[in-house]
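# Architecture and fold: a report
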Amino acid sequence: MANPLRLRVIAELAQGRVHVSELARRLGISRPLLYMHLDRLEKAGIVTGHLELSEDGKAMKYFELAPFEVRLNAEIVTAALRASDQESGQTGEQPDDHTKESDL
C-alpha cells in the first residue's frame, strides 16, 4: 500500500468487483503495470482475483477487495520504507561531509 497507485486500485475496487481491463482503463495504466500492483495487493491479502468464463468462452479475470484492516506503528512504517528503498535500489542514506561531489 506504500504506492499511490495501489491506493487508487483500492479506491476503485471499493466500488465493487471489476474486470482487469476495465480497471486498467479507469486508472489510465497498462495491464502489465496493473497486474504487478494487483499481485502485490493479492499477496498482502488486500484483494482477491477470480477467473471466470465469458459467454464466448474467454477467461476473464476479476478483482475485488478482501476484508482488511491496516494498523500502523513506527516499526511497520520503517520496515515498509526500507523495503520500498530496497526495491528501488535506494539506500536511504545521505552523503556525509567527506563525500566529494564527483562521488555522487
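Everything below is about the structure shown above.
What comes next is a walk through the structure. (Residues numbered from 1 in each chain as written. Predicted model: local features only at pLDDT ≥ 70, side-chain atom pairs only at ≥ 80, totals over all residues. Heavy atoms only, no water.)

What the rule picks out here adds up to 6 salt bridges. With its nearest N and O atoms 2.4 Å apart, the salt bridge here joins glutamate 52 to arginine 17. Of the two residues, glutamate 52 sits in strand β2 (residues 47-53) while arginine 17 sits in the loop between α1 (4-13) and β1 (18-19), which places them 35 residues apart along the sequence. Relative accessible area serves as the criterion here: at 34%, glutamate 52 is assigned to the partly exposed category. For arginine 17, a relative accessible area of 42% gives the class partly exposed. Between glutamate 69 and arginine 71 there is a salt bridge, with its nearest N and O atoms 2.8 Å apart. In this structure, glutamate 69 and arginine 71 share a single accessibility class: exposed. (Salt bridge = Lys/Arg side-chain N within 4 Å of Asp/Glu carboxyl O. Helix = DSSP H or I, 4+ residues; strand = E, 2+ residues; numbered from the N terminus. Buried < 20%, exposed > 50% of the residue type's maximum accessible area, 1.4 Å probe, protein only.)

A few words now on the packing of helix α2 (residues 20-27) against helix α3 (residues 31-43). One way to put it is that α2 packs onto α3 with a least axis distance of 10 Å and a crossing angle of 105°. Here α2 lies roughly perpendicular to α3, going by the angle between them. Here α2 contributes Val20, Ser21, Leu23, Ala24 and Leu27 to the contact with α3, which in turn contributes Arg31, Leu34, Tyr35 and Leu38. A class-by-class count of the residues in the contact of α2 with α3 yields 7 nonpolar, 1 polar and 1 charged. (Axes fitted to C-alpha atoms, helices over the stretch in contact; angles between N-to-C directions. Parallel < 35°, antiparallel > 145°, perpendicular 65-115°, else oblique. Contact = heavy atoms within 4.5 Å. Nonpolar A, V, L, I, M, F, W, Y, C, P; charged D, E, K, R; others polar.)

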